[in-house]
Amino acid sequence: MMEVSSVRMPTVLANSNRNSISRNSTSPGELFHRKADLASPLLLVAVIALSTSSTVAQAQPAIAQTTFCDVLTAHPDDPNRVASPVMWNQRDPMRAVPACEAAIQQDPNNPRLRFQLGLAQDSARNFTESFSHYTQAANRGYVAAAFALGWAYGNGEGTTKDDAQAIRWYRWAAERGHQAAQNTLGFMYENARGMPRDYAEAAIWYSRAAAQGRSVSIYNLGRLVAAGRGVPQDATRAVELLRNAVRLDRPDAALFLALMAERGEAPSVSRREMTDLLAYAEAAGDQPDRARRSLDQLSARGGALDVQQARQAAVARVNAKREQDETATAQRERQIALFEQQMQATVSQKAPGPSTSAQQSATIQLEEERIRRQRKEAEQELERLTALRQELEAQLRATRETQAAAAANAPPVSSSPPPNPGTQASALAAARGAPTPFSDEFVTVNGAVGCRSSEPLVARASIFKDQHEGKEFAWTGRVRAAFPSMIELDMGSNRADVAVALIAGQEALSPQPGQMVKVRFALTQMGTCTAPFRGQRGVILSIDGNNLR
């Protein structure tokens, strides 16, 4: 998941409903003179009209067979996906990697499957592998893979960080109608990322994505029109754009428009509409306190009943959206279960004979490969834990020898038990003279139910469900990766220990890799030695010790 408004880079992909086209084709936007795109009021009117829907008319892709790889990895931002979308935090690399490898064996020249194998490897943090697959798919003209390749270059994942190559691939995809790439170029021009600041160019690229119904681009374009940056200032057009962004579930646009009205910059926005906008921003946005202050002022000026009704409507809207998302997730899980039942039925049959189909053979190979991967990962984890134990024992012996030499007349140091698994990482950091970079509370939870726990997996799962699931935490760690709606924290193990989905609008805070960040969130998924803890409804509280709330 993960949008760019005005201050953050996107994730690997961003929502797109257009079909990718060939490398040498020309997007409809290229038929217009680029500098004249937004100088014309007619174009802005067209953007406003088109942005009332999240999709636009487009050619249908060729019919393609849906594989288990598609079911497990189809990205919501891929215009050519053939299965229900799978969000990044729902993708299971343990199943997806072997499924996509099996699909590639059956159809090795399919760029969609190649791209999805890259996504699966990306989720498994095998960035060298994902970069290779993105490259192969992009070189075959697969636009979503081209954007993913730009992300890999821009973040140095699987390759050397290269902004020039990142911009090249972003632009290539944007020129072929990829909404996320268009929005990303707009963001880069607006914020002078890898290129000189140019508001006019930013407005052009935002407008192209907005014309396809991309909500964050409609919001971004509305901001520029309201401020007159790169385009003529026009409050009426700005209001229409921002209203359309709100209809497409952008609480940040709701707050922006409400504050415009509060300052008298949007006379067409009534007091009741402003109240509704503020209530929605309070219920779904990342600045609820700011929206609440304005609502309290409206209530004090005699609008208490309107405020109460607006808040009730906003909560109902948020709940309806959540139910819609949960329904979509349940449908996808049912589809996965159906595929797995079919696989299990095939595996339970006798070994394939001369008449067994290639599809049955591939299914059996997939299951065997999954088992091999699980065994290999278990062996690697055992080796890692063994090495860690040996390192800690060596540190302990060195500490005892130092104490003995400093106090020759003191009684011998008695043997002490091995350190508690939940505090091993902290003890090691302390022995090296370095302060622990993560929260003590994380050490406790990780020692109880995470990678440092000595309990069996089943017992850890039970403890997590009873004591930790859904509970709110505030943990401090070092940013390993940051996206508009998700942040990954290194809590001292030099990997992503915690992945938190942020509430809308947190992109404005723009934490960077390496910074120390404190995040408040609800813990939703137990971590292991190969997968991070996961949380929802994250709010960034501080960056490098600077309190934000």
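Definitions and limits used
- Note on numbering: residues in each chain are counted from 1, in written sequence order.
- Reporting in this predicted model follows two pLDDT cut-offs: at least 70 for local features of residues, and 80 or more for side-chain atom pairs to be given and counted; totals over whole chains, interfaces and linings ignore these cut-offs and use all residues.
- The basis for the side-chain values is all heavy atoms of the structure; hydrogens and waters are excluded.
- Per the convention used, a helix needs a DSSP run of H or I reaching at least four residues, while a strand needs a run of E reaching at least two, with both numbered from the N terminus.
- Each residue after the first adds 1.5 Å to the expected span of a helix.
- Here's how the labels work: a residue is buried when its accessible area is under 20% of the maximum for its type, exposed when over 50%, partly exposed in between, all with a 1.4 Å probe on protein chains only.
- Counted as a polar contact is a pair of N or O atoms within 3.5 Å, where, for protein atoms, one must be capable of donating a hydrogen and the other of accepting one, and residues adjacent in sequence contribute only when both atoms are in side chains.
- To obtain each axis, a line is fitted to C-alpha atoms, and for helices this fit is confined to the stretch in contact; angles are then taken between N-to-C directions over 0 to 180 degrees.
- Angles below 35 degrees are treated as roughly parallel, those above 145 as roughly antiparallel, those between 65 and 115 as roughly perpendicular, and all remaining angles as oblique.
- Throughout, a crossing is termed right-handed when the near helix is turned clockwise from the far one, and left-handed when it is turned anticlockwise from it by less than a right angle.
- Note on definitions: a residue-residue contact is assigned when non-hydrogen atoms from the two residues lie within 4.5 Å.
- Here is the rule: rings of Phe, Tyr and Trp (six-membered ring for Trp) pair when centre to centre is within 6.5 Å. Planes less than 30 degrees apart are stacked, more than 60 are edge-to-face, and the remainder are tilted.
- Cation placement over rings: the criterion is NZ of Lys or CZ of Arg within 6 Å of the ring centroid and within 35° of the ring normal.
- Two cysteine sulfurs form a disulfide in these notes if their separation is within 2.5 Å.
- A pocket, in this scheme, is an open set of points on a 1 Å grid over the protein atoms alone with protein on both sides within 12 Å along at least 5 of 7 lines, while a cavity is a set where a 1.4 Å probe fits but cannot get out; residues line either one if an atom lies within 4 Å of a point.
- Grid points are joined across faces, edges and corners, and a volume is the space filled by probe spheres set on the points.

K.L.:
Looking at this structure, how should I read helix α3 (residues 93–106)?
P.N.:
The end-to-end C-alpha distance of α3 is 20 Å, a good match for the 20 Å that 14 residues give at a rise of 1.5 Å each. Of all the residues in α3, the buried ones are Arg95, Ala96, Val97, Pro98, Ala99, Cys100, Ala102, Ala103 and Ile104. The backbone nitrogen of Met94 lies 3.1 Å from a side-chain oxygen of the residue at the head of α3, namely Asp92.

K.L.:
Would you explain the packing of helix α10 (residues 215–227) against helix α12 (residues 251–262) in this entry?
P.N.:
A packed helix pair is summarised by two numbers, namely the angle formed by the two axes and the spacing between the axes. Where α10 contacts α12, the two axes come as close as 10 Å, and the packing angle between them is 20°. Taken together, the axes of α10 and α12 lie roughly parallel to each other. Where α10 crosses over α12, the handedness of that crossing is left-handed. For the pair α10 and α12, the contacting residues are Tyr219, Arg223 and Ala226 in the first and Asp252, Ala253, Phe256 and Met260 in the second.

K.L.:
In this structure, what is going on with unusual backbone geometry? I would like to understand it.
P.N.:
Most peptide bonds take the trans configuration, and most residues that are not glycine carry a negative phi. A positive phi angle is found at Ala192, which is not glycine, with a value near 55°. The class for Ala192 is partly exposed, based on a relative accessible area of 33%. Phi angles above zero are rare outside glycine, and Asn494 is one such case at about 65°. Along the polypeptide, Asn494 turns up in the loop between β2 (486–490) and β3 (498–502). On the basis of relative accessible area, Asn494 is assigned to the exposed category, the value being 60%.

K.L.:
In this structure, what is going on with the packing of aromatic side chains? I would like to understand it.
P.N.:
The description of an aromatic ring pair uses the distance of the two centres, along with the angle that the planes make with each other. Under the counting rule described, the total for this entry stands at 12 aromatic pairs. Each ring, one from Phe115 and one from Tyr142, has its centre 5.7 Å from the other, and the planes form 40°; the classification is tilted. One end of the pair, Phe115, is in helix α4 (residues 111–123); the other, Tyr142, is in the loop between α5 (127–139) and α6 (143–155), with 27 residues separating them in the sequence. By the burial criterion, Phe115 is buried, and Tyr142 matches it. Through successive ring pairs, a cluster of aromatic residues spans Phe442, Phe473, Trp475, Phe521 and Phe533. Against the face of Tyr219 rests Arg223, its NZ or CZ located 5.6 Å from the ring centre.

K.L.:
Is there a simple way to think about the state of the cysteines in this case?
P.N.:
Note on terminology: a disulfide is the covalent bond linking the sulfur atoms of two cysteines. By the definition in use, this model includes one disulfide. What pairs with Cys69 in a disulfide is Cys100, and their sulfur atoms sit 2.1 Å apart. Looking along the S-S bond of the Cys69-Cys100 disulfide, the torsion reads about 85°, which is the right-handed sense. Taken together, the positions of Cys69 in helix α2 (residues 68–73) and Cys100 in helix α3 put the pair 31 residues apart, joining distant regions of the chain. A relative accessible area of 0% means that Cys69 is categorised as buried.

K.L.:
Any chance you could explain empty space enclosed by the protein here in plain terms?
P.N.:
Over the atoms, a rolled probe matching the size of one water molecule traces out where space is still vacant. Under the counting rule described, the total for this entry stands at one cavity of 30 Å³ or more. By volume, the largest cavity is sized at about 40 Å³. Contributing to the lining of the largest cavity are Pro251, Asp252, Leu255, Ala281, Gly285, Asp286, Gln287, Ala504 and Gly505. Looking at the lining of the largest cavity element by element, the count peaks at three residues for α12.

Interpretation note: all reported values are geometric properties and have no functional meaning in isolation.
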